[in-house]
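Each chain, written out:
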Amino acid sequence: MSTKDESTRDDAVAYPLLAAATGATPSRRPVWFMRQAGRSLPEYRKVREGIGMLQSCFRPDLVCEITLQPVRRHRTDAAILFSDIVVPLKAAGIDLDIVSGIGPVIEQPVRDAAAVAAMPELDPEQVAPVAEAVRMLRGELPAGVALIGFSGAPFTLASYLVEGGPSRNHERTKALMYSDPDTWNALLGKLGDIAITFLRAQAEAGAQAFQLFDSWAGALSLADYRTYVQPHSERVFAALRESAPALPAFHFGVGTGELLGAMGEAGADVVGVDWRTPLDVAVGRVGPGRALQGNLDPAVLMADRGTVEAQVRRVVAEGDAAVAAGATGHVFNLGHGVLPATDPDVLTRVVDLVHEL
């Protein structure tokens, strides 16, 4: 066995998240939450006061502190790098901002071949502050807590660029996809390159896993996903598999119940499942050989204590059933991000309960 193989094996033993993601036996069921660092935490609101979102994402000291906050408070088994889906686009030089109450807003949307051709590339030096934050975090995180890096997937990045901001129906995005597949593929090719560069920078700095967020892929049919999106996500996963083979790959989107099998096929080791599809059903769609992540409804956290506990137990039982049916592991998470109004103490109790179970 090579030194690298031994290191990977040791990580799987030492880190519950990595064990569950790679088919090893974790010391306990790992749990973390998407958007665990953010507006639900008073310490986050305090440290971010007067500092813009994108500005925060390029300050290594602030990224490190915000990423650590939920680990300190909730004792989660993973930290996910504090960043935003559009950070690599901003770093590359695309004119955008995150507007309060709206989300990412693109100054000049990309809607034709000329605009795609003019798009800048991302140089690793442009995300050096992000890499520095990763290095700082690896020195600060408690033993056994894995660091997850992330990027937006090509389709989700494209949806922001084409629409000019968040969209309910993605009509401009789909119109370009259907009417001009050459331009569409050129756009997703460039965005795939940006995602690869961004993820590699995190991996080289010490990230121990990564999640590719295709947040809005659920707007697509299975046929359209396979034709227009899956090849580009496959390329991102393949590139990271080549350069960082030891890093488990997570893949997640909202409303993707019909796409779960294809999203796993794109190259994920762990497929995230939103709250709409029970884990013991999802395993049949994803197929054996991959772990599952999820999938408590974030809104459940607003309910009374007994209801929250009952729902956590249900998800854990469905995760166990999924493993019995062929999933290689279960990572407890929400079916989407933590809602801003969530009581942080509820999240802490959920972590404790999952670990007890």
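Residues numbered from 1 in each chain as written. Predicted model: local features only at pLDDT ≥ 70, side-chain atom pairs only at ≥ 80, totals over all residues. Heavy atoms only, no water.

An unreviewed UniProt entry annotates the chain as Uroporphyrinogen decarboxylase of Tsukamurella pseudospumae. Its UniProt record gives the chain a comment under Catalytic activity (unreviewed entry), which states: "uroporphyrinogen III + 4 H(+) = coproporphyrinogen III + 4 CO2". (UniProt positions renumbered as here; feature names shortened; annotations may be inferred.)

Draft legend 1. Spotlight on the overall build of the chain. Assigned secondary structure in the chain consists of 16 helices and 9 strands. In terms of C-alpha radius of gyration, the chain reaches 19 Å, essentially the compact-globule figure of 21 Å for 357 residues. The dimensions of the chain, computed from C-alpha atoms along their principal axes, are 55 × 50 × 45 Å. Residue burial in the chain is summarised as follows: out of 357 residues, 57% are buried. (Helix = DSSP H or I, 4+ residues; strand = E, 2+ residues; numbered from the N terminus. Rg over C-alpha atoms; globule rule 2.2 N^0.38 Å. Buried < 20%, exposed > 50% of the residue type's maximum accessible area, 1.4 Å probe, protein only.)

Draft legend 2. Broad picture of the pattern of salt bridges. Counted according to the given criterion, the structure contains 15 salt bridges. Between R29 and D320 there is a salt bridge, with the nearest N and O atoms lying 2.6 Å from each other. Separated by 291 residues along the polypeptide, R29 in the loop between α2 (16-22) and α3 (42-47) and D320 in helix α15 (residues 305-324) bring together distant segments of the chain. Classification of R29 as buried rests on a relative accessible area of 15%. On the basis of relative accessible area, D320 is assigned to the partly exposed category, the value being 40%. (Salt bridge = Lys/Arg side-chain N within 4 Å of Asp/Glu carboxyl O.)

Draft legend 3. Layout of the sheet that holds strand β5 (residues 209-213). With respect to topology, 7 strands assemble into an open sheet ordered β1-β4-β5-β6-β7-β8-β9, the strand pairing being parallel. Taken across any chain shown, the strands that pair with only one partner, and hence form the sheet edges, are β1 (78-80) and β9 (330-334). Averaged over all pairs of adjacent strands, the angle between strand axes in this sheet comes to 25°, irrespective of strand direction. The pairing of strand β7 (residues 270-272) with strand β8 (residues 291-296) spans 3 bridges and is parallel. Looking at the pairing, V271 lines up with L292 of β8. (Pairing = 2+ DSSP bridges. Axes fitted to C-alpha atoms, helices over the stretch in contact; angles between N-to-C directions.)

Draft legend 4. View of the pairing of strand β4 (residues 146-152). Counting buried positions along β4 yields 7 of 7 residues, so the element is predominantly enclosed. Across the two faces of β4 the burial is the same, with A146, I148, F150 and G152 and L147, G149 and S151 all buried. Here β1 pairs with β4 via 3 bridges, running parallel. In the sheet register, A78 faces β4, and the bridge partner there is A146. Direction of pairing for β4 relative to β5: parallel, over a ladder of 5 bridges. Opposite S151, over in β5, you have L212 as the bridge partner.

Draft legend 5. Quick peek at the pairing of β9. For β9, the buried fraction is high: 5 of the 5 residues fall into the buried class. Side chains H330, F332 and L334 of β9 all project onto a buried face; the interleaved residues V331 and N333 project onto the opposite face, where all are buried too. In terms of strand pairing, β8 meets β9 through 5 bridges, oriented parallel. Its bridge partner lying in β9, N295 is registered against N333. Of the crossover connections in this fold, the one passing from β8 over α15 to the parallel β9 is right-handed. (Right-handed = clockwise from strand over helix to strand, strands pointing away.)

Draft legend 6. Seen up close, the confidence of the model for the chain. Chain-level statistics for the chain give a pLDDT mean of 94 and a share of 96% at 70 or above. In this model residues 1-10 is a low-confidence stretch, pLDDT under 50, and it forms 4 contacts with partners more than four residues away in sequence or in other chains. (pLDDT = per-residue confidence, 0-100. Contact = heavy atoms within 4.5 Å.)

Draft legend 7. Summary view of the UniProt feature "site: Transition state stabilizer" (unreviewed entry) in the chain. The feature "site: Transition state stabilizer" (unreviewed entry), as given by UniProt, occupies D84 in the numbering adopted here. Tracing the backbone through its elements, the reader meets D84 in the loop between β1 and α6 (87-92). In this structure, D84 is in contact with M53, C57, I98, P104 and F150, ignoring residues within four places of it in sequence. Among the polar contacts made by the side chain of D84, one reaches the main-chain amide nitrogen of V86 at a distance of 3.0 Å. (Polar contact = N/O pair within 3.5 Å; in protein donor to acceptor, adjacent residues only side chain to side chain.)

Draft legend 8. Molecular detail of the nonpolar core. With 126 residues, the main nonpolar core has L187 and L292 as its most contacted residues. Element by element, the count of residues in this core is highest for helix α11 (residues 181-205), at 12 residues. Those residues in contact with L292 that sit more than four places away from it in its chain are V270, V271, V273, L279, A282, V283, V286, A322, A327, G329, H330 and V331. (Core = buried A, V, L, I, M, F, W, Y, C linked by side-chain atoms within 4.5 Å.)

Draft legend 9. Structural context of the packing of aromatic side chains. Considering all chains together, one arrives at 6 aromatic pairs under this definition. Here F150 and F213 contribute two aromatic rings whose centre-to-centre distance is 5.3 Å and whose plane-to-plane angle is 80°, an arrangement assigned as edge-to-face. With F150 in strand β4 and F213 in strand β5, the pair connects residues that are 63 residues apart, well separated along the chain. By relative accessible area, which is 7% here, F150 ends up buried. (Phe/Tyr/Trp six-rings, centres within 6.5 Å; stacked < 30°, edge-to-face > 60°.)

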